[in-house]
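Coordinate inspection notes
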Amino acid sequence: MMSSTEELLKRLGVSIDAGTLRLALTHRSYAYENGGIPTNERLEFLGDSILGFSVTDALYRDNPDLPEGDLAKRRSAVVSTRALAGIGRSLGIGDYIYLGQGEKITEGKNKASILADTMEALIGATYVSNDIETARQLVMRLIGPLLKDAAALGAGTDWKTSIQELAASRQLGTIHYAVEGSGPDHARVFSAALHIGGKAYGKGTGHSKKEAEQVAAADAWRTLTGDAGSAPAGKPAGSVAAK
């Protein structure tokens, strides 16, 4: 099932002892099917705190004139499930996660929540096997590129809300999402087209209706603001993020 963990550690750029690494990759579905062995949830809890502190510290130091509200929006954008899942997909983390049979059948290795939780567990595992500075450096390697686009990401913490506010401010008309699904139930892909006042402004695809609508909203936001360079964290515009 698993690719070489040495390759995974190489991608992360850290050393984690074998036992802690396996624990970080053990989803509760696998643990349940194997006699209730420990899961990665405690490491996830630890990694979440390290992630939040590291990003908060970087934003505070790099943006001395930014008010608390804007700092909070940017932090929320770069530590969101969507952002972490995008990073996890780019690293191919899904191929290394221990999943139960049910999650395997339903493509659990591609689910945003599982990928994001595993990324946090790996951050926690890095701390346990090394020290806080090593874990912080890992966070900055992973999140650093997103922080450079934090202003755009901050607007897109919830792209649907952002596009609704923008459309209302410009009096463009009613927003409508046309969503279609394709593929088998265990690997369903949804396509969304966003119309405002009857005019098409954005398209997107995702593994759920909500995800497809968010990507379409982000595409429309870029169209309306002329910001072609920003995209939802870890995802190319208008498409399902690569595995």
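Scroll up to find the structure this text is about.
The following paragraphs examine the structure supplied in this document. Given the structure is predicted, the values throughout are model-derived calculations rather than measurements.

A closer look at the overall build of the chain
In terms of regular secondary structure, the chain is built from twelve helices and three strands. For the chain, buried positions account for 44% of its 243 residues. Restricting to contacts in the chain with at least 6 residues of sequence separation, those with at least 24 account for 58%. Accessible surface, the chain: about 12,000 Å² in total, of which carbon and sulfur atoms supply 51%.

Concerning the sheet that holds strand S1 (residues 175–182)
Overall, antiparallel pairing links the three strands, which are arranged S1-S2-S3 in an open sheet. Only two strands of the sheet have a single partner each, and these edge strands are S1 and strand S3 (199–206). Geometrically, the sheet is characterised by an average inter-axis angle of 20° between neighbouring strands, direction not taken into account. In this structure, S1 lies alongside strand S2 (residues 189–196), joined through eight bridges in antiparallel fashion. Across the sheet, the residue bridging to His-176 is His-195, located in S2. Packed on one face of the sheet, helix H11 (residues 159–169) meets S1 and S2 and runs near 150° to S1. Taken strand by strand, helix H12 (residues 209–225) contacts S1, S2 and S3, and its axis lies near 140° from that of S3.

The rules behind each value
- Residues numbered from 1 in each chain as written.
- Predicted model: local features only at pLDDT ≥ 70, side-chain atom pairs only at ≥ 80, totals over all residues.
- Heavy atoms only, no water.
- Helix = DSSP H or I, 4+ residues; strand = E, 2+ residues; numbered from the N terminus.
- Buried < 20%, exposed > 50% of the residue type's maximum accessible area, 1.4 Å probe, protein only.
- Contact = heavy atoms within 4.5 Å.
- Areas by Shrake-Rupley, 256 points an atom, 1.4 Å probe, with all protein chains shown as cover.
- Pairing = 2+ DSSP bridges.
- Axes fitted to C-alpha atoms, helices over the stretch in contact; angles between N-to-C directions.

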